Amino acid sequence: MKSHDYLIIGCGHFGSRAIETLLRKDHRVAIIVVDKDEKALEKVSSFHVERIEGDGISFLNQFLKKGRDTYIIPAVPFHLAFEFVLSQLKPLGGKRGKVPDLTGLPNPMRGKGGDLYASFADFLCPEDCPEPPRHCTVTREKRGKSLYKILEDLRGPFESKVIRSKQLGLGVGGYLPGDLLKIVREIKKAGASDRLILISTACRCHAVISALSF
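Residues numbered from 1 in each chain as written. Predicted model: local features only at pLDDT ≥ 70, side-chain atom pairs only at ≥ 80, totals over all residues. Heavy atoms only, no water.

Here helix α1 (residues 13-25) spans 18 Å end to end across 13 residues, near enough to the 18 Å set by a 1.5 Å rise per residue. Buried residues of α1: Gly-15, Ser-16, Arg-17, Ala-18, Ile-19, Thr-21, Leu-22 and Leu-23, and no others. (Helix = DSSP H or I, 4+ residues; strand = E, 2+ residues; numbered from the N terminus. Expected span 1.5 Å × (residues − 1). Buried < 20%, exposed > 50% of the residue type's maximum accessible area, 1.4 Å probe, protein only.)

What follows is the structure, encoded as structure tokens:
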């Protein structure tokens, strides 16, 4: 398999839009898109991308073993980074824990699976937001501390580990394999303990928080 610039997990609305945005930015980029749904993959057959039908977490596990330095773009309705970390730590007794109530997070909301979502926006953000560092695109209000930094600075009866989602195109965020693998290495090195570990994916404005326990 040749080298790729982007690996998109999920081919629904957000995955399709990510493909369009990235190719519009640079038509020479190489993209892999993975989805279990054959029909979803057919919808992006007109784009110059490599389409793979399969489970995203399973593919990611195999892909990262090859040492690829490729941006991962999550476009699935679950916390991809957490599920990958969990898949690596299950053999050591890792399991999903309960995210505690956390203070200091903007507009927190719990999802059906127990994940906690937070966002500075109490409105629907434009899909082409450029994530300006100093002010909100919609309200023009001055930004304070970025949400990924708030999560990094959380203190409590837990550890807080954060994967920062970097903007790769308008409204498209992702992270490098090293960001995921670093967290796995740190947790393995520390060994199993009773201490809850929060694992978050966050950009400046939005975040999803899951919990790992042993």
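With that out of the way, let us pick up the side chain of Arg-143. Mapped onto the elements of the fold, Arg-143 is located in the loop between β7 (116-119) and α5 (147-152). For the buried Arg-143, which has no salt bridge, the nearest side chain bearing the opposite charge is Glu-131, at an N-O separation of 6.2 Å. A polar atom in the side chain of Arg-143 sits 3.3 Å from the backbone oxygen of His-135. (Lys, Arg positive; Asp, Glu negative; His and termini not counted. Salt bridge = Lys/Arg side-chain N within 4 Å of Asp/Glu carboxyl O. Polar contact = N/O pair within 3.5 Å; in protein donor to acceptor, adjacent residues only side chain to side chain.)

Okay, the nonpolar core next. Of all hydrophobic cores here, the largest spans 27 residues; its most connected members are Leu-7, Leu-60, Val-85, Leu-180, Ile-187, Ile-199 and Leu-212. Elements represented by at least two residues in this core include exactly β1 (6-9), β2 (31-35), α3 (56-64), α4 (80-89), α6 (177-190) and β11 (196-202). Broken down by element, the residue count for this core peaks at seven residues, all from α4. With sequence-adjacent residues up to four places away left out, Ile-199 is seen in contact with His-79, Phe-82, Val-85, Lys-161, Ile-163, Ile-183, Ile-187, Val-208, Ile-209, Ser-210 and Leu-212. (Core = buried A, V, L, I, M, F, W, Y, C linked by side-chain atoms within 4.5 Å. Contact = heavy atoms within 4.5 Å.)

This brings us to the packing of aromatic side chains. In this structure the tally under the stated criterion is two aromatic pairs. Taken together, a centroid distance of 5.7 Å and an interplanar angle of 25 degrees make the contact between Phe-59 and Phe-63 stacked. Taken together, the residues Phe-59 and Phe-63, both in helix α3 and four residues apart, mark about one turn of the helix. Exposure class is identical for Phe-59 and Phe-63. Each is buried. (Phe/Tyr/Trp six-rings, centres within 6.5 Å; stacked < 30°, edge-to-face > 60°.)

For Ser-119, the location among the structural elements is in strand β7. Engagement of the side chain of Ser-119 in a polar contact is seen with the side chain of His-206, the distance being 2.8 Å. If near-sequence neighbours (up to four positions away) are discounted, Ser-119 is found in contact with Pro-106, Asn-107, Leu-147, Cys-205 and His-206.

Attention shifts here to the state of the cysteines. Tallied over the full model, the rule gives zero disulfides. Looking at Cys-129, it has no disulfide partner, and the nearest cysteine sulfur is the one in Cys-125, 6.2 Å off. No disulfide involves Cys-203; its sulfur sits 5.4 Å from that of Cys-205, the nearest cysteine. According to the relative accessible area criterion, Cys-203 is buried, its value standing at 16%. (Disulfide = S-S within 2.5 Å.)

Read from one edge of the open sheet, four strands run β3-β2-β1-β4, paired in parallel fashion. The sheet is open, and its two edges are formed by β3 (50-53) and β4 (71-74), each paired on a single side. Each strand of the sheet is rotated relative to its neighbour by a mean of 20 degrees, with strand direction disregarded. Of the pairings in the sheet, the one linking β2 to β3 comprises four bridges and is parallel in character. Pairing of Val-33 across the sheet is with Arg-51, part of β3. Strand contacts of α1: β1, β2 and β4, with the helix running at about 160 degrees to β1, the strand carrying the most contacts. (Pairing = 2+ DSSP bridges. Axes fitted to C-alpha atoms, helices over the stretch in contact; angles between N-to-C directions.)

Now for the packing of α3 against α4. Packing of α3 against α4 brings their axes to within 10 Å, and their N-to-C directions diverge by 70 degrees. By the angle between their axes, α3 is roughly perpendicular relative to α4. Judged by the sense of rotation from one axis to the other, the crossing of α3 with α4 is right-handed. Contacts between α3 and α4 involve Ile-57, Leu-60, Asn-61 and Leu-64 from the former and Leu-80, Glu-83, Phe-84, Ser-87 and Gln-88 from the latter. (Parallel < 35°, antiparallel > 145°, perpendicular 65-115°, else oblique. Left-handed = near helix turned anticlockwise from the far one by under 90°.)

With their axes 10 Å apart at the nearest point, α4 and α6 run at an angle of 40 degrees to one another. Here α4 lies oblique to α6, going by the angle between them. Crossing hand, α4 versus α6: right-handed. Residue-level inspection shows Ala-81, Phe-84, Val-85, Gln-88 and Leu-89 of α4 in contact with α6, the latter providing Leu-180, Leu-181, Ile-183, Val-184, Ile-187 and Lys-188. Classifying every residue of the contact of α4 with α6 gives nine nonpolar, one polar and one charged. (Nonpolar A, V, L, I, M, F, W, Y, C, P; charged D, E, K, R; others polar.)

So far we have only geometry, and geometry alone does not tell us how the molecule works.
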